[in-house]
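Summary of structural features
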Amino acid sequence: MTTHRFKLGLAIRQRVGTITAGAIFALLYLAYHVHHPNGFTAQVVGQNANESVALVLAAMAQTVPVLIGGIDLSVGAVMTMTNCLASHVLSGNAQEVSLGLAACILVSTAFGVMNGVIVVYGRIQPIIATLATSAIALGLALLLRPFPGGEISETLSLLLTGSLLDSLVESGLVSQGVTDNLSVLGNLPTPMLLVFAAGALWIPFQRTVTGRSIVAVGSSETAAFMSGLPVPRAKIAAFAVSGMLAGCAGVFLAMQTLSGNADLPQAGTYTLASIAAVVIGGAVLTGGVGGMLGSVFGALILRVIAFNFRIFEIEPLIQPLVEGTILLAAISVSATRLLRVKNRLDLYR
Amino acid sequence: MRITVAKWNSADRPVYIASAFVVLILAVGTIYTLVAQGTATLLSPSYLMQQLQIGSFLGVVAAGMMIVILIGHIDLSVPWTLTTAAMLATAVGGPWAILLGLSLGAVVGLVNGVGVAYLRLPSMIFTLAVNAVLQGSMVAMTGGTSPQSQATELMRFLGAGTLMGIPVALLVWTLVSVCVSTVLTRTPFGRSLYIVGNSEAAAYLSGIPNKRVIVVSFILCGLLTALAGLMLAGYSAKAYQGMGDLYALPAIAAVVIGGANILGGSGKYRGTVAGVLVVVFLNSVLSIMQMSEAIRQIVYGFVILTMLLVYRRKA
């Protein structure tokens, strides 16, 4: 029996979407750095990271409901709601800020649980349930912040948006003198490390029964149910994780802008971009296929395209057209799977 | 007696509930105006006509959206199909304006349909990308500002004109409704929409040209969206940026409130009309009650959820 041997070919085939997305991202980012006047410097990378993290977190939030074969149209709305909440609670001394941070994540996770409960026990399709709850979240956001404003702890913002070195010095964990020993590591942007931290939490979760059930439900809900997997728990957990990560994205948005803003069009843009990122990252909207890493690359690809516009000085007015065309092309690439279909009936399943 | 019970359980149930809800909204609004202003503004024929005229644009979009939802797909390119059709039509002007706008809608629908039916790409993401391309081309064409060109006389007639006291837009919506419901219930194409929506594999095995059905559905949706864009440009006398933004999601909401299954295969056209009326009158009553945008959004969300939860309950 060789079934337990690690098979490289299989491992690659299972991750072809992630690998492709990673390769495209690497190429685009390389092109960006080669043509950037300042080249590959910590400052440029840090700035890029700050501009990408909100979308990366939103894409990660979208990944889990897509894995169960659903979708979460409230990602952008929960982000905006948490952003507005953050502008009320994220100021003051360290203790108040920590409590506020916990409150933000708790509220967004609770909202995700509510989405899950409506989907599971209300038996409403995720697309419609989250469309309705997104209106509620946006309404709450507007109640919290009728006009843009509010206050965010600048210390926390510096802590989360700088490089690792800045964060460590800022938090008082190391003194300025030690910095020389940390030169390369210290230059890593903190926001990207936060994304890695979120990913690191996801890996063990994925190996739990609930985590496995999420993918199983996406592959075949009937089969998962018949095998005795906890289908309702998996679905609620999927939406809870989505809400939590969307909340993180909202908090990060607050870190960047230092204010709360109930920007309805922006919420819609983030939701749609998160879906696009998940698909570019190799996930299949019917469920069961996809992963966090792929979605991270998908979101980064969307962002790097915009970075490249700055370097190659593309006329601002045609940028949206180029961006749209690239998106359309990137999505159409997945039609190549048609070439591998042997039985035409397989197309319709 | 047994027949009426069966009917109550049938697909008509959401239609009755949605219609009852429209009456409820109007009643609540009227009580409010009677108490606050001492008049029943909501029930005056001119006010109702005006609301129905505004609702016609959403009604025409929802008719197209319903066709696509019936086959189990969705069209998220609606916002910029609508805007692009209006912008191109006003930019060209003259007798060809309407024809050009409608052709644009048909071409967008064709592209969507080919992507979904032949390339087998998920409609949600493919139409989203088409929307981005359309938006990009309009930003390139207009420079990101609203064009100065005016709507033609015929477009103004369709959007803002009246015929014997009835808004032409409402007549157009009525005509579209008669056509769509006839197609859905009395033509082989209409029946095949339901079959493809229920099971595309079964449709294929039964010899239904499922790919062509999908392409034609998307073309019809594109055409109706473009028509709504031309009417809306006529109503506001010109095309403007973001004019389509308020139509895609409310149209989907209207179709679903009308009882159609978002996964395709079931739903009555009557329900979609009732759904459009719910959305339109809910908006108008909330604005009469001077509710803030925040409260409106929350009420809107709760209404969609509550209606769907009620539909799920067995009578």
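In what follows, the structure referred to is the one given above.
To start, this report covers the structure provided alongside it. For clarity, every value in this text was computed on a predicted model and none was experimentally measured.

Parameters and conventions
- Residues numbered from 1 in each chain as written.
- Chains lettered and ligands numbered in written order.
- Predicted model: local features only at pLDDT ≥ 70, side-chain atom pairs only at ≥ 80, totals over all residues.
- Heavy atoms only, no water.
- Helix = DSSP H or I, 4+ residues; strand = E, 2+ residues; numbered from the N terminus.
- Rg over C-alpha atoms; globule rule 2.2 N^0.38 Å.
- Buried < 20%, exposed > 50% of the residue type's maximum accessible area, 1.4 Å probe, protein only.
- Contact = heavy atoms within 4.5 Å.
- Areas by Shrake-Rupley, 256 points an atom, 1.4 Å probe, with all protein chains shown as cover.
- Lys, Arg positive; Asp, Glu negative; His and termini not counted.
- Charge placed at Lys NZ, Arg CZ, Asp CG, Glu CD.
- Phe/Tyr/Trp six-rings, centres within 6.5 Å; stacked < 30°, edge-to-face > 60°.

A word on the overall build of chain A
In terms of helices and strands, chain A carries 16 helices and zero strands. For 349 residues, the compact-globule formula gives about 20 Å, and the C-alpha radius of gyration of chain A, at 21 Å, lands near that figure. For chain A, the C-alpha atoms occupy an extent of roughly 60 × 50 × 45 Å along the three principal directions. By residue count, 51% of the 349 residues in chain A fall in the buried class. Of all intrachain contacts in chain A linking residues separated by at least 6 positions in sequence, the fraction that spans at least 24 positions is 76%. Carbon and sulfur atoms make up 65% of the accessible area of chain A, which amounts to about 16,400 Å² in all. Of the side-chain charges in chain A, 17 are positive and 14 negative, and the distance between the mean point of each set is 26 Å.

Topic: the packing of aromatic side chains
Residue and element names in this part refer to chain A. According to the stated counting rule, one finds six aromatic pairs over all chains in the structure shown. Here the aromatic rings of Phe 25 and Tyr 29 are separated by 5.4 Å at their centres, their planes lie at 15 degrees, and the arrangement is stacked. Of this pair, Phe 25 and Tyr 29 both sit in helix α2 (residues 16–35), four residues apart, which is roughly one turn of the helix. Taken together, Phe 25, Tyr 29, Tyr 32, Phe 297 and Phe 307 form an aromatic cluster joined through their ring pairs.

What to know about the side chain of Lys 235 of chain A
Residues and elements named next belong to chain A. Inspection of the secondary structure puts Lys 235 in helix α13 (residues 231–257). Given the relative accessible area of 15%, Lys 235 is considered buried. Not counting chain neighbours up to four residues away, the residues in contact with Lys 235 comprise Ile 68, Val 120, Val 217 and Glu 221.

Remarks on the side chain of Ser 52 of chain A
Residue and element names in this part refer to chain A. Take Ser 52: it is sitting in helix α3 (residues 42–67). Ser 52 gets classed as buried once you look at its relative accessible area, which sits at 3%. Excluding residues that lie within four positions of it along the chain, Ser 52 makes contacts with Met 192, Leu 300, Arg 303 and Phe 307.

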